Amino acid sequence: MDLSAVALIAVVVWAAFAVRRSILLLAEPGRRVESAGDSLAEGLGNAGDAASGVPLIGDILKKPLQAAAGAGSGFADAGVSLQETVSQAADVITTVFILIPVLFVLLLWLPPRLLWIRRSSALRRLAESPGGADLLALRALTGPPGALAELPAPPGGWADAWRQGDRQAITALSAIALHRIGLRP
């Protein structure tokens, strides 16, 4: 159960990051717009600088070219903004895709696991206390008979061996009780 929960969480995280990579592909047009805007702004800026060298009308030619270069920078900024928006959306979606399944797994797995830890700790303390093996043997006797049927019964039966204080029978029965909840004797 523990490995299943860990494996499921690992698969969910892997899938969420695969979705994130796919979403980030949507930022490619933004990178292209940014690159084109930067190229346009640089080209028009260079053209404006070159036009300023034209005698008499150089300054007049330079102003519209510089304005157009500013518009090219606006395109580049729009591309950057698109990339940032896609990145933020990818982060939010990845977080949601991880958190919801992980919380669901933890809500289903954690309470039973904590209950098992509590019960197994109590039984382990009982097994180590004086007379604890006798109580665990009684628990095995009063529990489901499946494990008892698999073992060869002592003469007179398990209950008789327990009543008479047969140490070997008590040890076997307490081991069955511990094994039922997943503990080793």
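Residues numbered from 1 in each chain as written. Predicted model: local features only at pLDDT ≥ 70, side-chain atom pairs only at ≥ 80, totals over all residues. Heavy atoms only, no water.

### Considering the overall build of the protein chain
Here is step 1 of the chain: Summing up its helical and strand segments, the protein chain has 7 helices and 0 strands in all.
Here is step 2 of the chain: Of the regular secondary structure in the protein chain, the N- to C-terminal order runs α-α-α-α-α-α-α.
Here is step 3 of the chain: On C-alpha atoms alone, the protein chain measures out to a radius of gyration of 37 Å, which is more than a quarter above the 16 Å that the 2.2 N^0.38 rule sets for 185 residues.
Here is step 4 of the chain: For the protein chain, the C-alpha atoms occupy an extent of roughly 125 × 30 × 20 Å along the three principal directions.
Here is step 5 of the chain: Counting all 185 residues of the protein chain, 24% fall into the buried class.
Here is step 6 of the chain: Sequence-distant contacts in the protein chain: of pairs separated by 6 or more residues, those separated by 24 or more amount to 70%. (Helix = DSSP H or I, 4+ residues; strand = E, 2+ residues; numbered from the N terminus. Rg over C-alpha atoms; globule rule 2.2 N^0.38 Å. Buried < 20%, exposed > 50% of the residue type's maximum accessible area, 1.4 Å probe, protein only. Contact = heavy atoms within 4.5 Å.)

### Some details on the pattern of salt bridges
Here is step 1 of the chain: A full pass over the atoms with the stated rule returns 5 salt bridges.
Here is step 2 of the chain: Its salt-bridge partner being Asp-91, residue Arg-20 comes within 2.5 Å of it at the nearest N-O pair. Here Arg-20 is found in helix 1 (residues 2–24), whereas its partner Asp-91 is found in helix 3 (residues 58–128), with 71 residues between them in sequence.
Here is step 3 of the chain: A relative accessible area of 21% places Arg-20 in the partly exposed class.
Here is step 4 of the chain: Of the charged contacts, one joins Glu-28 and Arg-31 as a salt bridge, the two residues approaching to 3.0 Å between their closest N and O atoms. Separated by 3 residues within a single helix, Glu-28 and Arg-31 lie in helix 2 (residues 28–51), roughly one turn from each other.
Here is step 5 of the chain: Classification of Glu-28 as partly exposed rests on a relative accessible area of 31%. (Salt bridge = Lys/Arg side-chain N within 4 Å of Asp/Glu carboxyl O.)

### Notes on the packing of helix 4 (residues 132–142) against helix 7 (residues 167–180)
If you want to describe how two helices pack, look at the angle between their axes and the distance between the axes.
Here is step 1 of the chain: The N-to-C vectors of helix 4 and helix 7 enclose an angle of 65°; their axes lie 7 Å apart at closest approach. Between helix 4 and helix 7, the interaxial angle falls into the category roughly perpendicular. The hand of the helix 4/helix 7 crossing is left-handed. The segment helix 4 lies against helix 7, with Ala-133, Asp-134, Leu-136, Ala-137, Arg-139, Ala-140 and Leu-141 engaging Arg-167, Ile-170, Leu-173, Ser-174, Ile-176, Ala-177, Leu-178 and Arg-180.
Here is step 2 of the chain: A per-class count over the contact of helix 4 with helix 7 returns 10 nonpolar, 1 polar and 4 charged. (Axes fitted to C-alpha atoms, helices over the stretch in contact; angles between N-to-C directions. Parallel < 35°, antiparallel > 145°, perpendicular 65-115°, else oblique. Left-handed = near helix turned anticlockwise from the far one by under 90°. Nonpolar A, V, L, I, M, F, W, Y, C, P; charged D, E, K, R; others polar.)

### Regarding helix 1
Here is step 1 of the chain: With 23 residues, helix 1 extends 33 Å from end C-alpha to end C-alpha; this agrees with the ideal 33 Å at 1.5 Å per step.
Here is step 2 of the chain: On its buried face, helix 1 sits against helix 3. (Expected span 1.5 Å × (residues − 1).)

### A word on the confidence of the model for the protein chain
Here is step 1 of the chain: Residues with a pLDDT of 70 or more make up 99% of the protein chain, whose mean pLDDT is 86.
Here is step 2 of the chain: Taken element by element, the predicted model of the protein chain shows its lowest mean pLDDT in helix 5 (residues 146–150) (76) and its highest in helix 1 (92). (pLDDT = per-residue confidence, 0-100.)

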